[in-house]
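# Overview (structure and organization)
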Amino acid sequence: MPLVTFNDILPQARAEKRAVAAFNVANLETVLSVFKAAEALKAPVIIQVYQRLFKDERASLIAAMVKRLASESDIPIALHLDHGESLEQLRAAIAIGYTSVMIDGSKLSFAENIALSAEAARISHDAGVTLEAEIGHVPFGDGAIELSTAAEAEAFVAKTGVDALAISIGTVHGFYKQAPVLDIGRAREIGEKVGIPLVLHGGTGVPEDQLRLAISSGVAKINIATELQSLFLKRVAAELAACGDTFKPVDLCIKPVEADVQAYVRAKIRSLS
Ligand code: 13P
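What counts and how
Residues numbered from 1 in each chain as written. Predicted model: local features only at pLDDT ≥ 70, side-chain atom pairs only at ≥ 80, totals over all residues. Heavy atoms only, no water. Salt bridge = Lys/Arg side-chain N within 4 Å of Asp/Glu carboxyl O. Helix = DSSP H or I, 4+ residues; strand = E, 2+ residues; numbered from the N terminus. Buried < 20%, exposed > 50% of the residue type's maximum accessible area, 1.4 Å probe, protein only. Axes fitted to C-alpha atoms, helices over the stretch in contact; angles between N-to-C directions. Parallel < 35°, antiparallel > 145°, perpendicular 65-115°, else oblique. Contact = heavy atoms within 4.5 Å. Nonpolar A, V, L, I, M, F, W, Y, C, P; charged D, E, K, R; others polar.

Further remarks concern the pattern of salt bridges. Applying the stated criterion across every chain, the model contains 15 salt bridges. Measuring nitrogen to oxygen at the nearest pair gives 3.2 Å for the salt bridge that ties arginine 122 to aspartate 126. Note that arginine 122 and aspartate 126 are positioned in helix H5 (residues 110-126) at a spacing of four residues, about one turn of the helix. On the basis of relative accessible area, arginine 122 is assigned to the partly exposed category, the value being 43%.

As C-alpha coordinates, this is what we get:
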(Lines give C-alpha, C1' and ligand atoms only; values in the text may rest on other atoms or scores of the structure.)
Protein backbone atom coordinates (compact mmCIF):
# COMPACT_ATOMS: atom_id res chain seq x y z
CA MET A 1 0.00 0.00 0.00
CA PRO A 2 1.13 3.61 -0.40
CA LEU A 3 2.88 5.26 2.56
CA VAL A 4 0.51 6.67 5.18
CA THR A 5 0.53 9.81 7.33
CA PHE A 6 0.48 10.06 11.13
CA ASN A 7 -3.27 10.75 10.98
CA ASP A 8 -3.82 7.30 9.48
CA ILE A 9 -2.22 5.49 12.41
CA LEU A 10 -1.63 7.61 15.54
CA PRO A 11 -5.12 8.82 16.62
CA GLN A 12 -6.34 5.21 16.61
CA ALA A 13 -3.24 4.08 18.52
CA ARG A 14 -3.85 6.74 21.17
CA ALA A 15 -7.53 5.75 21.46
CA GLU A 16 -6.50 2.12 21.95
CA LYS A 17 -3.76 3.03 24.46
CA ARG A 18 -0.87 1.70 22.42
CA ALA A 19 2.07 3.38 20.72
CA VAL A 20 3.53 3.06 17.25
CA ALA A 21 7.30 2.64 17.38
CA ALA A 22 9.32 5.12 15.30
CA PHE A 23 12.79 3.85 14.43
CA ASN A 24 15.61 6.06 13.12
CA VAL A 25 17.15 4.29 10.14
CA ALA A 26 20.35 5.25 8.34
CA ASN A 27 21.15 2.66 5.67
CA LEU A 28 19.75 -0.22 3.63
CA GLU A 29 20.19 -2.77 6.39
CA THR A 30 18.46 -0.76 9.12
CA VAL A 31 15.56 0.00 6.74
CA LEU A 32 15.21 -3.67 5.79
CA SER A 33 15.40 -4.85 9.39
CA VAL A 34 12.70 -2.44 10.59
CA PHE A 35 10.49 -3.24 7.61
CA LYS A 36 10.82 -7.01 7.92
CA ALA A 37 10.15 -6.94 11.67
CA ALA A 38 6.98 -4.84 11.26
CA GLU A 39 5.89 -6.99 8.32
CA ALA A 40 6.34 -10.18 10.36
CA LEU A 41 4.06 -8.75 13.07
CA LYS A 42 1.66 -7.09 10.57
CA ALA A 43 2.10 -3.96 12.70
CA PRO A 44 2.05 -0.29 11.69
CA VAL A 45 5.46 1.33 11.93
CA ILE A 46 7.11 4.73 11.51
CA ILE A 47 10.41 4.79 9.66
CA GLN A 48 12.14 8.07 10.42
CA VAL A 49 15.25 9.79 9.17
CA TYR A 50 17.25 12.30 11.18
CA GLN A 51 17.65 15.76 9.60
CA ARG A 52 21.44 15.35 9.06
CA LEU A 53 20.75 12.65 6.44
CA PHE A 54 18.90 15.25 4.35
CA LYS A 55 22.21 17.05 3.78
CA ASP A 56 23.26 14.56 1.10
CA GLU A 57 21.41 12.00 -1.01
CA ARG A 58 20.78 9.54 1.84
CA ALA A 59 17.29 10.77 2.80
CA SER A 60 15.99 10.52 -0.76
CA LEU A 61 17.57 7.09 -1.38
CA ILE A 62 16.03 5.82 1.87
CA ALA A 63 12.67 7.26 0.71
CA ALA A 64 12.93 5.30 -2.55
CA MET A 65 13.64 2.08 -0.64
CA VAL A 66 10.83 2.60 1.84
CA LYS A 67 8.29 3.49 -0.86
CA ARG A 68 9.21 0.36 -2.82
CA LEU A 69 8.96 -1.91 0.25
CA ALA A 70 5.64 -0.33 1.30
CA SER A 71 4.17 -0.75 -2.18
CA GLU A 72 4.59 -4.51 -1.87
CA SER A 73 3.19 -4.71 1.65
CA ASP A 74 -0.16 -4.19 3.33
CA ILE A 75 1.12 -2.78 6.64
CA PRO A 76 0.74 0.98 7.20
CA ILE A 77 4.16 2.65 7.08
CA ALA A 78 4.75 6.38 7.63
CA LEU A 79 8.03 7.91 6.46
CA HIS A 80 9.04 10.82 8.68
CA LEU A 81 11.64 13.60 8.82
CA ASP A 82 12.95 13.67 12.41
CA HIS A 83 14.02 17.01 13.99
CA GLY A 84 13.52 19.14 10.86
CA GLU A 85 15.59 22.29 11.21
CA SER A 86 13.91 24.68 8.78
CA LEU A 87 10.86 25.17 6.58
CA GLU A 88 13.13 24.64 3.55
CA GLN A 89 14.10 21.23 4.89
CA LEU A 90 10.44 20.34 5.42
CA ARG A 91 9.61 21.34 1.85
CA ALA A 92 12.55 19.26 0.56
CA ALA A 93 11.40 16.21 2.56
CA ILE A 94 7.83 16.56 1.29
CA ALA A 95 9.11 16.88 -2.30
CA ILE A 96 10.93 13.53 -2.07
CA GLY A 97 7.93 11.69 -0.65
CA TYR A 98 8.10 11.93 3.14
CA THR A 99 4.53 11.61 4.44
CA SER A 100 5.22 13.26 7.77
CA VAL A 101 7.67 15.86 9.01
CA MET A 102 8.82 17.35 12.30
CA ILE A 103 9.76 20.96 12.83
CA ASP A 104 11.96 21.28 15.91
CA GLY A 105 11.49 24.73 17.41
CA SER A 106 12.13 23.47 20.92
CA LYS A 107 15.18 25.70 21.41
CA LEU A 108 13.29 28.85 20.38
CA SER A 109 11.15 30.99 22.68
CA PHE A 110 7.61 29.68 23.13
CA ALA A 111 6.19 32.45 20.91
CA GLU A 112 8.78 31.81 18.17
CA ASN A 113 8.14 28.06 18.36
CA ILE A 114 4.40 28.70 17.89
CA ALA A 115 4.98 30.98 14.88
CA LEU A 116 7.39 28.53 13.19
CA SER A 117 5.25 25.45 13.92
CA ALA A 118 2.03 27.16 12.70
CA GLU A 119 3.74 27.96 9.39
CA ALA A 120 5.13 24.41 9.21
CA ALA A 121 1.63 23.01 9.83
CA ARG A 122 0.23 25.14 6.99
CA ILE A 123 2.94 23.95 4.57
CA SER A 124 2.51 20.31 5.63
CA HIS A 125 -1.28 20.29 5.46
CA ASP A 126 -1.30 22.01 2.07
CA ALA A 127 0.86 19.11 0.84
CA GLY A 128 -1.29 16.44 2.54
CA VAL A 129 1.37 15.40 5.05
CA THR A 130 1.30 15.52 8.86
CA LEU A 131 3.38 17.65 11.22
CA GLU A 132 5.02 16.90 14.57
CA ALA A 133 6.42 19.69 16.74
CA GLU A 134 8.03 19.80 20.20
CA ILE A 135 7.49 21.89 23.30
CA GLY A 136 9.81 21.94 26.27
CA HIS A 137 13.15 20.45 25.27
CA VAL A 138 14.39 16.85 25.16
CA PRO A 139 18.17 17.37 25.04
CA PHE A 140 20.83 15.33 23.26
CA GLY A 141 23.21 13.76 25.78
CA ASP A 142 24.01 15.88 28.80
CA GLY A 143 22.00 19.00 27.83
CA ALA A 144 19.41 20.44 30.21
CA ILE A 145 15.89 18.99 30.17
CA GLU A 146 13.13 21.60 29.90
CA LEU A 147 9.89 19.96 30.94
CA SER A 148 6.66 20.69 29.05
CA THR A 149 3.60 22.05 30.85
CA ALA A 150 -0.07 21.21 30.24
CA ALA A 151 -1.00 24.88 29.83
CA GLU A 152 1.69 25.40 27.19
CA ALA A 153 0.70 22.18 25.41
CA GLU A 154 -2.94 23.24 25.23
CA ALA A 155 -2.11 26.72 23.91
CA PHE A 156 0.49 25.38 21.47
CA VAL A 157 -1.87 22.85 19.86
CA ALA A 158 -4.70 25.39 19.59
CA LYS A 159 -2.47 28.02 17.98
CA THR A 160 -0.48 25.80 15.60
CA GLY A 161 -2.78 22.96 14.43
CA VAL A 162 0.03 20.38 14.69
CA ASP A 163 -0.96 16.72 14.28
CA ALA A 164 1.35 15.21 16.93
CA LEU A 165 3.06 16.87 19.88
CA ALA A 166 6.44 15.83 21.29
CA ILE A 167 6.54 16.51 25.03
CA SER A 168 9.38 16.61 27.51
CA ILE A 169 8.64 14.53 30.61
CA GLY A 170 12.13 13.46 31.67
CA THR A 171 13.70 11.67 28.71
CA VAL A 172 16.91 12.62 26.88
CA HIS A 173 18.30 11.43 23.54
CA GLY A 174 20.95 8.73 23.86
CA PHE A 175 22.01 6.26 26.57
CA TYR A 176 21.28 7.07 30.23
CA LYS A 177 23.84 6.78 33.00
CA GLN A 178 20.96 5.62 35.19
CA ALA A 179 17.44 4.64 34.16
CA PRO A 180 15.15 7.70 33.98
CA VAL A 181 12.02 8.21 36.06
CA LEU A 182 9.46 9.91 33.86
CA ASP A 183 7.12 12.61 35.16
CA ILE A 184 3.97 10.60 34.49
CA GLY A 185 1.76 13.02 36.44
CA ARG A 186 2.80 15.73 34.01
CA ALA A 187 2.17 13.44 31.01
CA ARG A 188 -1.35 12.74 32.36
CA GLU A 189 -2.11 16.44 32.79
CA ILE A 190 -0.93 17.12 29.24
CA GLY A 191 -2.91 14.15 27.89
CA GLU A 192 -6.06 15.45 29.60
CA LYS A 193 -5.71 18.90 28.03
CA VAL A 194 -4.55 17.82 24.57
CA GLY A 195 -6.44 15.27 22.47
CA ILE A 196 -3.90 14.75 19.69
CA PRO A 197 -1.31 11.94 19.82
CA LEU A 198 1.67 12.76 22.06
CA VAL A 199 5.23 11.77 21.11
CA LEU A 200 8.05 10.62 23.37
CA HIS A 201 11.57 11.27 22.11
CA GLY A 202 14.50 9.48 23.72
CA GLY A 203 12.95 6.02 23.89
CA THR A 204 16.33 4.29 24.32
CA GLY A 205 16.83 2.85 27.81
CA VAL A 206 13.43 3.86 29.23
CA PRO A 207 12.09 0.95 31.30
CA GLU A 208 9.03 -0.75 29.81
CA ASP A 209 6.77 0.02 32.77
CA GLN A 210 7.53 3.74 32.35
CA LEU A 211 6.77 3.55 28.65
CA ARG A 212 3.44 1.83 29.39
CA LEU A 213 2.49 4.58 31.83
CA ALA A 214 3.38 7.22 29.24
CA ILE A 215 1.24 5.39 26.67
CA SER A 216 -1.72 5.28 29.06
CA SER A 217 -1.39 9.09 29.35
CA GLY A 218 -1.74 9.71 25.59
CA VAL A 219 1.72 8.99 24.13
CA ALA A 220 1.11 7.23 20.80
CA LYS A 221 4.55 7.47 19.14
CA ILE A 222 7.83 6.43 20.78
CA ASN A 223 11.13 7.30 19.08
CA ILE A 224 14.05 4.90 19.17
CA ALA A 225 17.41 5.64 17.59
CA THR A 226 20.43 5.00 19.82
CA GLU A 227 19.50 1.49 20.98
CA LEU A 228 18.83 0.24 17.45
CA GLN A 229 21.84 1.88 15.79
CA SER A 230 24.19 0.92 18.58
CA LEU A 231 23.05 -2.71 18.35
CA PHE A 232 23.65 -2.61 14.59
CA LEU A 233 27.18 -1.19 14.93
CA LYS A 234 28.22 -3.47 17.80
CA ARG A 235 27.02 -6.53 15.93
CA VAL A 236 28.89 -5.46 12.77
CA ALA A 237 32.05 -5.03 14.87
CA ALA A 238 31.57 -8.49 16.38
CA GLU A 239 31.04 -10.12 12.97
CA LEU A 240 34.14 -8.40 11.65
CA ALA A 241 36.20 -9.52 14.64
CA ALA A 242 34.96 -13.09 14.14
CA CYS A 243 36.30 -13.05 10.57
CA GLY A 244 39.85 -12.52 11.81
CA ASP A 245 42.08 -12.18 8.75
CA THR A 246 39.50 -13.70 6.42
CA PHE A 247 37.55 -11.38 4.10
CA LYS A 248 33.75 -11.72 4.08
CA PRO A 249 31.67 -9.71 1.56
CA VAL A 250 29.54 -7.00 3.15
CA ASP A 251 26.17 -8.67 2.51
CA LEU A 252 27.29 -11.98 4.06
CA CYS A 253 28.95 -10.27 7.01
CA ILE A 254 25.81 -8.23 7.74
CA LYS A 255 23.17 -10.97 7.34
CA PRO A 256 23.36 -12.20 10.96
CA VAL A 257 23.42 -8.58 12.15
CA GLU A 258 20.13 -7.93 10.36
CA ALA A 259 18.58 -10.95 12.03
CA ASP A 260 19.45 -9.58 15.48
CA VAL A 261 18.24 -6.06 14.66
CA GLN A 262 14.97 -7.54 13.40
CA ALA A 263 14.54 -9.47 16.62
CA TYR A 264 15.14 -6.27 18.62
CA VAL A 265 12.58 -4.32 16.53
CA ARG A 266 9.97 -7.08 16.86
CA ALA A 267 10.36 -7.14 20.63
CA LYS A 268 10.10 -3.34 20.83
CA ILE A 269 6.98 -3.16 18.64
CA ARG A 270 5.32 -5.92 20.71
CA SER A 271 6.13 -4.19 23.99
CA LEU A 272 4.50 -0.92 22.87
CA SER A 273 1.39 -2.44 21.24
P1 13P B 1 17.11 7.80 21.39
O2 13P B 1 18.32 7.96 20.54
O3 13P B 1 17.36 8.13 22.82
O4 13P B 1 16.45 6.47 21.21
O5 13P B 1 16.05 8.91 20.90
C6 13P B 1 15.57 8.85 19.60
C7 13P B 1 14.79 10.06 19.24
O8 13P B 1 14.10 10.64 20.04
C9 13P B 1 14.89 10.52 17.85
O10 13P B 1 14.26 11.73 17.65
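Once you've had a look at it, read on.
It is worth spelling out the packing of helix H8 (residues 208-216) against helix H10 (residues 250-272) at this point. Taken N-terminus to C-terminus, the directions of H8 and H10 make an angle of 45°; their axes are 10 Å apart at the nearest point. In terms of axis orientation, H8 runs oblique to H10. Side by side, H8 and H10 meet where Glu208, Leu211, Arg212 and Ile215 of the first sit next to Lys268, Ser271 and Leu272 of the second. A breakdown of the residues in the contact of H8 with H10 according to their chemical character gives three nonpolar, one polar and three charged.

This part is about unusual backbone geometry. Unlike most non-glycine residues, lysine 17 shows phi in positive territory, near 55°. Within the secondary structure, lysine 17 sits in the loop between helix H1 (6-15) and strand S1 (20-24). The residue histidine 83 is not glycine, and still its phi comes out positive at about 60°. In this fold, histidine 83 is placed in strand S3 (residues 77-84).

By themselves, these figures tell us nothing about what the structure is for.
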